[in-house]
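# Fold and geometry: a report
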Amino acid sequence: MFYRLLSAVRRQRTGRGWQNWSSGRSGASAAEAHSVALPAQAQVVICGGGIMGTSVAYHLSKMGWKDIVLLEQGRLAAGSTRFCAGILSTARHLTIEQKMADYSNKLYHQLEQETGIQTEPLLSSLLRRVPDLETLEILKLVNCPETFTPDMRCIMGESPSVQGYFVLAGMNSAGLSFGGGAGRYLAEWMVHGYPSENIWELDLKRFGALQSSRTFLRHRVMEVMPLLYDLKVPRWDFQTGRQLRTSPLYDRLDAQGARWMEKHGFERPKYFVPPDKDLLALEQSKTFYKPDWFDIVESEVKCCKEAVCVIDMSSFTKFEITSTGDQALEVLQYLFSNDLDVPVGHIVHTGMLNQGGGYENDCSIARLGKRSFFMISPTDQQVHCWAWLKKHMPEDSNLLLEDVTWKYTALNLIGPRAVDVLSELSYAPMTPDHFPSLFCKEMSVGYANGIRVMSMTHTGEPGFMLYIPIEYALHVYNEVMSVGQKYGIRNAGYYALRSLRIEKFFAFWGQDLNTLTTPLECGRESRVKLEKGMDFIGRDALLQQKQNGVYKRLTMFILDDHDTDLDLWPWWGEPIYRNGQYAGKTTSSAYSYTLERHVCLGFVHNFSEDTGEEQVVTTDFINRGEYEIDIAGHRFQAKAKLYPVTSLFTHKRRKDDVELSDLHGK
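What comes next is a walk through the structure.

### Comments concerning the packing of aromatic side chains
Taken as a whole, this structure holds 22 aromatic pairs when the rule is applied. Judged by centre distance (5.7 Å) and plane angle (65°), the rings of Phe-374 and Tyr-408 are edge-to-face. Placement of the pair is Phe-374 in strand S12 (residues 372–377) and Tyr-408 in strand S14 (residues 408–414), with a sequence separation of 34 residues. By relative accessible area, which is 12% here, Tyr-408 ends up buried. Each ring, one from Trp-569 and one from Tyr-591, has its centre 6.2 Å from the other, and the planes form 20°; the classification is stacked. Note that Trp-569 is positioned in the loop between strand S19 (552–559) and strand S20 (575–578) and Tyr-591 in strand S21 (residues 581–592), a separation of 22 residues in sequence. Here the aromatic residues Tyr-271, Trp-293, Phe-294, Tyr-495, Trp-569, Trp-571, Tyr-591 and Tyr-593 are joined through ring pairs into a cluster of three or more. A cation over a ring is seen here: Arg-268 above Tyr-494, with NZ or CZ 3.9 Å from the ring centre. Directly above the aromatic system of Phe-508 lies the positively charged group of Arg-501, at a separation of 4.4 Å from the ring centroid.

As structure tokens, this is what we get:
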């Protein structure tokens, strides 16, 4: 390796404090400590000589970087790394963690050959030499510091505020398992600008400043440590560090039975418990089977289909981009794949892509004025999207980017009677002729002015999104609920939203879409304008992919022979089989109350049976396959679709059931 190692580096100081620190180090004797002059500059400086720092240095050198400085205050691996011998497990909850652990395991065996060092288990060696050791008891336990994170996942990636500053820390006692893989992915990130795998679940930018409170961290870590070895049931939530970010409607919704989940520190309603339900039983329900909230969510979905529901979606990330001239439009045209040069009042669904054509963000942008745009993104995009925009936007005093997430409460009115509710609360006509789909208009609702009303719901159902200045939030909510009583209005939560959007084949960023997913791989060609008159990030990659074909395709699966009441449910991550061969895995799942079936979304690959290499996936390849979804070892037949299925599927199925019943009767 070609990196410079500066172990026990000491500056030439006369200060007594530095001398006391150096002499007090338990792991470095006077003979070991030596003075090494720091170089004036280096291509990269790595702070920390444990398994993470040395892994990053190793992989950087393998990738061709020569001028690498590794700083360590004591001896190499003298920290928590020296207590981790033998703690190597490849069974991990997250796919990316499993890949890191698998790579680490292979790397450690490879290093034996590279270095010529022969190793064997220490305990076995000792027992052969001193058999009496087997009967000894442990009289002393060694304690050492360890790092834990608020969500039990390590921290990796470039700082959102300091360009070129990378972090790899917080291993939650899994440093040895992740060391090789984590070092490799971070090295790839530094050299190429991106890692070879999707690491969003570990990305530093999944956290914000709100998670840096010392009190929050102290309480959360006390909860995290026991959970490391606990069974994680679907959709469980942390109990500490809650009610940190809330909508102005939180207390009002909580009093009406809202049960909460947390996203990026923001409390979001899951569902609303009716007064006749046992709240304690619902809170303690933990299962991989049919959950106790099934009937509650069913009633909310039915209301969205037949009447009108309200979902508080204030947690969504909201940015405003304005300029004095055409700078805002020019920048957004370069940063986004769709054409944003649309008439004022129109809304555009678009992707913010990277150089490989993958999704850095999936969002909706409303053109408020000739030089003003309103951008709506997923909740956990607040830090990531801001950092990406600031990194790629020019330094121009005439161009302004503002995070207005906290300024607006967002209410989603879903259902066929939503138009009736708003028509009574506003003087503006709400019919499709005056308020077409994907349109934005600033209007009055009740006594409140300046409400941004958008004709979209993120579900495929009819309705409107209301972006309300926070001081008007309670008033508008009360007016909507009061007027809506005659139309059967009720509150709903994100579980109903999830069911609605999955049955409509709506993919969400962070679940179905990521930095390695392109619009052409998930059927979103309509959201890409390759010929919009100017270049945009990712355009070249998409042109090449359009010519060569895609190697995976997002597909919708409807389970056929699955018993909702008795069988284990699909949640996400289940293997997909095509004609008996592994073809991918699901990315999200939900029960469709409309289709009366479980629906899964997932990517189908075309792996060569001879070499295992990925081959082009065509529409014909998808349609001609026979599919199964593996749920805990049991395979269920599934129908594959490349487009949403309407409710006619339910009527056809019922007709088939009747005909089949008549046939058996004969």
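### Let's talk about the sheet that holds strand S10 (residues 347–353)
On the basis of which strands lie adjacent, the open sheet formed by 5 strands has the order S10-S11-S12-S9-S13 and antiparallel pairing. In this open sheet, the two edge strands, each paired with only one partner strand, are S10 and strand S13 (399–403). Within the sheet, the average angular offset between the axes of one strand and its neighbour, ignoring direction, is 25°. In this sheet, strand S11 (residues 359–369) lies alongside S10 in antiparallel orientation, the contact comprising 7 bridges. Across the sheet, residue Thr-350 finds its bridge partner in S11, namely Cys-363.

### Description of the pairing of strand S22 (residues 597–607)
Judged by how many residues are buried, S22 sits mostly within the fold: 10 of 11 residues are covered. Relative to S22, S19 runs antiparallel, the two sharing 7 bridges. Looking at S22, one finds that Leu-554 is bridged to Phe-603. Hairpin connection, S21 to S22: the antiparallel pair is bridged by 4 residues, and Glu-596 has positive phi, about 55°. Both S22 and strand S23 (residues 614–615) contribute to a ladder of 2 bridges, which runs antiparallel. When the sheet's bridge partners are listed, Phe-607 is paired in S23 with Glu-614.

### Quick look at the environment of Gly-510
The residue Gly-510 is located in the loop between helix H14 (494–503) and helix H15 (539–548) in this model. The spatial distance from the C-alpha of Gly-510 to the C-alpha of Trp-200 is 7.5 Å, given a sequence separation of 310 residues.

### Describing empty space enclosed by the protein
Scanning all chains against the criterion turns up 2 cavities of 30 Å³ or more. If you add up the space inside the largest cavity, you get close to 80 Å³. Along the wall of the largest cavity there are 13 residues; nearest its centre are Arg-235, Trp-293, Trp-569, Ala-590 and Tyr-591. Counting only elements with at least two residues in the lining of the largest cavity, the list comes to H14 and S21. With 3 residues, S21 is the largest single contributor of residues to the lining of the largest cavity. For the lining of the largest cavity, a count of residues per class yields 9 nonpolar, 3 polar and 1 charged. Considering only enclosed or pocket space, the second largest cavity measures out at about 30 Å³ in volume.

### What to know about the nonpolar core
Judged by nonpolar contacts, the single largest core of 38 residues is most densely connected at Trp-293, Val-297, Phe-374, Met-454 and Tyr-467. Elements represented by at least two residues in this core include exactly helix H9 (294–306), strand S8 (309–312), S12, S14, strand S17 (463–469) and H14. When residues in this core are grouped by element, the largest group, 6 residues, is from H9. Trp-260, Leu-422, Leu-425 and Leu-466 belong to the second largest nonpolar core, which has 34 residues in total.

Thresholds, definitions, all that
Residues numbered from 1 in each chain as written. Predicted model: local features only at pLDDT ≥ 70, side-chain atom pairs only at ≥ 80, totals over all residues. Heavy atoms only, no water. Phe/Tyr/Trp six-rings, centres within 6.5 Å; stacked < 30°, edge-to-face > 60°. Helix = DSSP H or I, 4+ residues; strand = E, 2+ residues; numbered from the N terminus. Buried < 20%, exposed > 50% of the residue type's maximum accessible area, 1.4 Å probe, protein only. Lys NZ or Arg CZ within 6 Å of the ring centre and 35° of its normal. Pairing = 2+ DSSP bridges. Axes fitted to C-alpha atoms, helices over the stretch in contact; angles between N-to-C directions. 1 Å grid on protein atoms, 1.4 Å probe; cavity = no way out; pocket = protein on both sides within 12 Å on 5 of 7 lines; lining within 4 Å. Points joined across faces, edges and corners; volume = space filled by probe spheres on them. Nonpolar A, V, L, I, M, F, W, Y, C, P; charged D, E, K, R; others polar. Core = buried A, V, L, I, M, F, W, Y, C linked by side-chain atoms within 4.5 Å.

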